[in-house]
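The chain contents come next:
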Amino acid sequence: MRLIIIVFIICITNLGCETVVPIFNEQKAFNHLLAQCEFGPRNPGSDGHIKTKKYILDFVQELVDTVIVQDFSFKSALENKNHNGTNIIARVNPTSNTQILIGAHWDTRPLADQDEDSRNYEKPILGANDGASGVAVLLELADVLNDNRPNIGINLVFFDAEDSGVSGEDESYCQGSIYFAKNLPIKNIKEAIILDMVGDKQLSLPIERNSLNFHGQLIRKLWDRAKTLKLDAFKGVVGPSIYDDHVPLYQYAGIPSIDIIDFRYPNAFTNYWHTVEDIPENCSPESLGQVGRLMVDYIFNRKFYNDN
Ligand SMILES: [Zn+2]
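As the structure is a prediction and not an experimental result, all values here were calculated from the model. Numbers given to residues run from 1 along each chain, matching the order in which its sequence is written. At least 70 in pLDDT is required for a residue's local features to be given in this predicted model, at least 80 for side-chain atom pairs to be given and counted, and no such filter applies to totals for whole chains, interfaces and linings, which use all residues.

Regarding the overall build of the protein chain
Working definition: helices are DSSP H or I runs of at least four residues, strands are E runs of at least two. Numbering for both runs from the N terminus. Looking only at helices and strands, the protein chain has 8 helices and 8 strands in total. A radius of gyration in this sense is built from C-alpha atoms; the matching globule rule multiplies 2.2 Å by the number of residues raised to 0.38. Since a compact globule built from 308 residues should have a radius of gyration of about 19 Å, the 19 Å found for the protein chain is in line with a globular shape. With the principal axes as the frame, the protein chain shows a C-alpha extent of 80 × 40 × 35 Å. Burial is judged by counting other C-beta atoms within 10 Å of a residue's own C-beta: 20 or more means buried, 12 or fewer means exposed, and anything between counts as partly exposed, with every C-beta placed from the backbone. For the protein chain, the proportion of its 308 residues judged to be buried stands at 48%. Here, residue contact means that the backbone-derived C-beta atoms of the two residues sit within 7 Å. Residue pairs at least 24 apart in sequence account for 80% of intrachain contacts in the protein chain once pairs closer than 6 positions are excluded.

Encoded structure:
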């Protein structure tokens, strides 16, 4: 009888409690952002690109169950040049029935062609936000997953060659995710979340319009949870459509995919996107922390995200 009562009390207590989820360390995430920027610009063909590939590989190989290296070659429309690219897929629980993809691009743009000063057009960007921020969140997630095993399969995918496209030609962007989607190295991906430009100091995350069409249900669940968790960078408004790595995943592989992106960097009045101002000083650990905490909740608090 005593045992039954104790079990009963535990059940009642649990009803009102949130599951305790692991901590996402935003400072450690930010250190990954700084480390990538220390390698310099990371556009395909650069020295920084080679160093960053090694940095990501060395880091995840120690922490996850399996790493898949997917090499490809592509033509950079922006430079009119051929390059080699590499998608890196870090897998936790690869045999689980439920497989989730969380991705970010690790390359940076070869030219600062949105810079105010035309003398900077030919310079590569440092990509603290556009590139390093999403990767930084993924690397810290790899660390979290090493300490805390999830109940589902998580695939942290580092896409290459997202940012060598030319304006007006969508498919000249996202070369890594297009290759991935057409040559799927993993099967049965239930859904995908892309993180891009999530490091902005003045982080503001509206709902990206394509994402609402591709997987509105997941968008609603994530933004609802963000509200509950008081992650106030997540804004319940619909923003513009953006062609990012989630689009090929949906179009070529049929994976319901969404993009978490703050395209106004830093705000509606100033633009650091694709300029030489995309530097660590314009990013913050707190911003990475908001996105990282929601991703940890998504991975470990499954009761809020499962289909009803
Ligand atoms: Zn970009």
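Considering the packing of helix 4 (residues 132-147) against helix 8 (residues 285-300)
The axes used here are C-alpha line fits, helices contributing only the stretch in contact, and every angle between their N-to-C directions lies in the interval 0 to 180 degrees. Where helix 4 meets helix 8, the axes come as close as 10 Å, and the angle between the chain directions of the two elements is 45 degrees. Relative to helix 8, helix 4 is oriented oblique. Relative to helix 8, the crossing made by helix 4 is right-handed. Of helix 8, the residues touching helix 4 (which contributes Ser 133, Ala 136, Val 137, Glu 140, Leu 141 and Val 144) are Leu 288, Val 291, Gly 292, Met 295 and Val 296. Among the residues making up the contact of helix 4 with helix 8, the classes are represented as 8 nonpolar, 2 polar and 1 charged. Roughly parallel refers to an angle under 35 degrees, roughly antiparallel to one over 145, roughly perpendicular to one between 65 and 115, and oblique to any angle outside these ranges. Crossings are sorted by hand: turned counterclockwise from the far helix by less than a right angle, the near helix makes the crossing left-handed, and turned clockwise it makes it right-handed. As a working rule, the residues Ala, Val, Leu, Ile, Met, Phe, Trp, Tyr, Cys and Pro are called nonpolar, Asp, Glu, Lys and Arg charged, and the rest polar, with Gly in that last group.

Digging into the packing of helix 5 (residues 175-182) against helix 7 (residues 246-253)
The N-to-C vectors of helix 5 and helix 7 enclose an angle of 25 degrees; their axes lie 8 Å apart at closest approach. Considering the angle they form, helix 5 stands roughly parallel to helix 7. Crossing of helix 5 over helix 7 shows right-handed handedness. Facing Ser 177, Ile 178, Ala 181 and Lys 182 of helix 5, the residues of helix 7 in contact are Pro 248, Leu 249, Tyr 252 and Ala 253. Of the residues in the contact of helix 5 with helix 7, the class split is 6 nonpolar, 1 polar and 1 charged.

Regarding helix 8
The span expected for a helix works out to 1.5 Å for each residue beyond the first. Compared with the 22 Å implied by 1.5 Å per residue over 16 residues, the 22 Å span of helix 8 between its first and last C-alpha is a close match. For helix 8, a buried count of 13 out of 16 residues is recorded, marking the element as mostly surrounded by other parts of the structure.

Regarding the environment of Phe 24
Its place among the elements puts Phe 24 in the loop between helix 1 (2-15) and helix 2 (26-38). Take Phe 24: there are 22 C-beta atoms within 10 Å of it, and that puts it in the buried class. Excluding anything up to four places from it in sequence, Phe 24 contacts Glu 140, Val 144, Gly 289, Gly 292, Arg 293 and Val 296.

Observations regarding the sheet that holds strand 3 (residues 99-105)
Spatially, the 6 strands line up as an open sheet ordered 1-2-4-3-5-8, and their pairing is mixed. Each end of this open sheet is capped by a strand with a single partner; those strands are strand 1 (66-76) and strand 8 (257-261). Put simply, the sheet's adjacent strands are angled 20 degrees from each other on average, direction ignored. Judged from the 11 bridges that link them, strand 1 and strand 2 (residues 81-92) form a sheet pairing that is antiparallel. The pairing criterion for strands is at least two bridges between them, as found by DSSP.

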